[in-house]
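A structural walkthrough
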Amino acid sequence: MATCEVCGNDYDDVLTIEKGGESHVFDSFECAIHALAPTCEHCGCRVIGHGIRAGDRTFCCAHCARESGVEGVADAA
Ligand SMILES: [Zn+2]
Ligand SMILES: [Zn+2]
């Protein structure tokens, strides 16, 4: 039994995700995404795929990166 650190739900089949040397416990992917996924700088959606990294900026897709003025990006094939 463990407690989701996002919603506080007690759950016995938890997800444990390690990130940056810290261990996080969640009851669902939804809560894990809420806590850990970066946010697209252009449209504000959660980046749950590979996304596009441009320096220290993160976008959900090449379209958003280009709309924000990042040159030379393409979606991964
Ligand atoms: Zn939760
Ligand atoms: Zn986006």
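Structure's up top.
Let me begin by describing the structure that accompanies this report. (Residues numbered from 1 in each chain as written. Chains lettered and ligands numbered in written order. Predicted model: local features only at pLDDT ≥ 70, side-chain atom pairs only at ≥ 80, totals over all residues. Heavy atoms only, no water.)

1. Things to note about the environment of H42
Relative to the elements of secondary structure, H42 occurs in the loop between α1 (29-36) and β5 (52-54). The sequence separation of H42 and V25 amounts to 17 residues, and the corresponding C-alpha distance is 29 Å. A polar atom in the side chain of H42 sits 3.2 Å from the side chain of S68. (Helix = DSSP H or I, 4+ residues; strand = E, 2+ residues; numbered from the N terminus. Polar contact = N/O pair within 3.5 Å; in protein donor to acceptor, adjacent residues only side chain to side chain.)

2. Looking at the coordination of the zinc ion (ligand 1)
Octahedral metals with six donors have ideal donor angles of 90 or 180 degrees. Tetrahedral metals with four donors have an ideal donor angle of 109.5 degrees. Taken together, the protein donors to the zinc ion (ligand 1) comprise C4 (SG), C7 (SG), D27 (OD) and C31 (SG), at separations of 2.1 to 2.3 Å. Every donor counted, the four donor atoms about the zinc ion (ligand 1) form angles of 94 to 120 degrees at the centre, which fits tetrahedral coordination. Along the chain, the residues donating to the zinc ion (ligand 1) are arranged with the sequence spacing C-x2-C-x19-D-x3-C. Take C4: its relative accessible area is 3%, and that puts it in the buried class. (Donors = N, O, S within 2.8 Å, 3.2 Å for Na, K, Ca; no water. Tetrahedral: all angles 85-135°; square planar, octahedral: opposite > 155°, others 65-115°. Buried < 20%, exposed > 50% of the residue type's maximum accessible area, 1.4 Å probe, protein only.)

3. Some words on the pattern of salt bridges
Evaluation of the coordinates by the stated rule reveals one salt bridge. Of the charged contacts in the structure, one is a salt bridge between R57 and E41, with a shortest N-O distance of 2.9 Å. With a gap of 16 residues between them, R57 in strand β6 (residues 57-59) and E41 in the loop between α1 and β5 connect regions that are remote in the sequence. Overall, E41 belongs to the partly exposed group, its relative accessible area being 44%. (Salt bridge = Lys/Arg side-chain N within 4 Å of Asp/Glu carboxyl O.)

4. Observations concerning the pairing of strand β4 (residues 22-26)
The pairing of strand β3 (residues 15-19) with β4 spans five bridges and is antiparallel. What sits directly across from I17, in β4, is H24. The hairpin formed by β3 and β4 contains two residues between the paired strands, and G20 there has a positive phi angle of roughly 60 degrees. (Pairing = 2+ DSSP bridges.)

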